[in-house]
Amino acid sequence: MNSIDRLFEAAKAAQARAYAPYSGFPVGAALLADDGAIFSGCNVENAAYPNGLCAESGAIAAMVIAGERRITDVLVVGGAGGPLTPCGACRQRLFEFSNDETRVHLADAAGPVEVLLLRELLPRAFGPHDLAIHQRDDNTR
Ligand code: THU
């Protein structure tokens, strides 16, 4: 199985665990880190609606806990069945651990349907490169 198919399977498995009783819009996300490891997440909603977490956020947290810092590919699946793109806040969260080649795969229930670059989804992004801290920390761009 190639890495994008593995991402799809991981995202689908995460989607099946989503906690989305309020929106009824379960989402799964999976990240491929540059060492080949895959990390997944699902949305976790909350009765206090704004406290809900997106699927991408959970996947990013799992990646960071494992010590990884670079995303090569992201795949998102969920919701009403059609392909969806990461929300604006998650584009920014993904950007933190991305580079110019980081790809975003959009999937429907049957599999990946489209691939975009993260930088196409978040042009002229503000990021670590804008802060002096990037000169001290080669874990960021
Ligand atoms: N959601 C995600 O988890 N990721 C996205 O990229 C888009 C939206 C979640 C948030 C909320 O739980 C539900 O989908 C409806 O917005």
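Note that the structure is predicted; figures quoted are calculated from it, not measured.

Trainee: Can you lay out the overall build of the chain for me, pointing to particular residues and giving the numbers?
Mentor: A count of helices and strands for the chain gives four helices and five strands. Counted from the first residue to the last, the chain has its helices and strands arranged as α-β-β-α-β-α-β-β-α. Each principal axis of the C-alpha atoms in the chain carries an extent, and together these give about 45 × 40 × 30 Å. Long-range contacts, defined as pairs at least 24 residues apart, comprise 62% of the intrachain contacts of the chain with a sequence gap of at least 6. Counting only carbon and sulfur atoms, one obtains 52% of the accessible surface of the chain, whose full area is about 7400 Å². Computed over 12 positive and 17 negative side-chain charges, the separation of the two mean positions in the chain equals 3 Å.

Trainee: Describe the nonpolar core, and please don't skip the residues or the numbers.
Mentor: Ranked by internal contacts, the top residues of the largest apolar core, which has 23 residues, are L31, M63, I71, V74 and L94. Within the residue set of this core, elements represented by two or more residues are β1 (27-33), α2 (55-65), β3 (71-78), α3 (88-95), β4 (103-108) and α4 (118-121). Leave out the neighbours within four places in its chain, and M63 touches L31, A33, F39, E68, R69, R70, I71 and F97. By size, the runner-up hydrophobic cluster in this structure holds 10 residues, among which are A11, L32, L75 and A107.

Trainee: Lay out the pairing of β3 in plain terms, naming residues and giving numbers.
Mentor: Working note: regular strand, side chains alternate between the two faces of the sheet. Where burial is concerned, most of β3 is hidden: seven out of the eight residues are buried. Bridge count between β1 and β3: seven bridges; the pairing is antiparallel. Of the residues in β3, the one forming a bridge with V27 is G78. Both β3 and β4 contribute to a ladder of four bridges, which runs parallel. By the bridge assignment, D73 is partnered in β4 with R103. With respect to chirality, the unit in which β3 leads through α3 into the neighbouring parallel β4 is right-handed.

Trainee: Explain the sheet that holds β4 to me, using residue names and the numbers behind them.
Mentor: Spatially, the five strands line up as an open sheet ordered β2-β1-β3-β4-β5, and their pairing is mixed. Strands at the two margins of the open sheet, each flanked by one partner only, are β2 (38-42) and β5 (111-117). Within this sheet the neighbouring strands show an average axis-to-axis angle of 20°, counted without direction. Strand contacts of helix α1 (residues 3-16): β1, β2, β3, β4 and β5, with the helix running at about 145° to β1, the strand carrying the most contacts. Here α2 sits on the sheet and contacts β1, β2 and β3; the angle it forms with β2, its principal contact strand, is near 145°.

Trainee: Please provide a residue-by-residue account of the side chain of E68, values included.
Mentor: Positionally, E68 belongs in the loop between α2 and β3. Despite its burial, E68 pairs with no opposite charge; the closest candidate is R69, at 8.5 Å N-O. Ignoring anything within four residues of it in the chain, the contact list for E68 reads A33, D34, D35, F39 and M63.

Trainee: Would you mind going over the site of the ligand in detail, with residue names and values included?
Mentor: Around the ligand sit S23, F25, V27, N43, E45, C54, A55, E56, L84, T85, P86 and C87, and those are all the residues in its vicinity. One of the side-chain nitrogen or oxygen atoms of N43 is found 2.9 Å away from an oxygen atom of the ligand. Here an oxygen atom of the ligand and a side-chain polar atom of E45 are 2.5 Å apart. For the ligand, whose unbound accessible area comes to 370 Å², protein coverage reaches 76%.

The rules we used
Residues numbered from 1 in each chain as written. Predicted model: local features only at pLDDT ≥ 70, side-chain atom pairs only at ≥ 80, totals over all residues. Heavy atoms only, no water. Helix = DSSP H or I, 4+ residues; strand = E, 2+ residues; numbered from the N terminus. Contact = heavy atoms within 4.5 Å. Areas by Shrake-Rupley, 256 points an atom, 1.4 Å probe, with all protein chains shown as cover. Lys, Arg positive; Asp, Glu negative; His and termini not counted. Charge placed at Lys NZ, Arg CZ, Asp CG, Glu CD. Core = buried A, V, L, I, M, F, W, Y, C linked by side-chain atoms within 4.5 Å. Buried < 20%, exposed > 50% of the residue type's maximum accessible area, 1.4 Å probe, protein only. Pairing = 2+ DSSP bridges. Right-handed = clockwise from strand over helix to strand, strands pointing away. Axes fitted to C-alpha atoms, helices over the stretch in contact; angles between N-to-C directions. Salt bridge = Lys/Arg side-chain N within 4 Å of Asp/Glu carboxyl O. Near = heavy atom within 4 Å. Polar contact = N/O pair within 3.5 Å; in protein donor to acceptor, adjacent residues only side chain to side chain.

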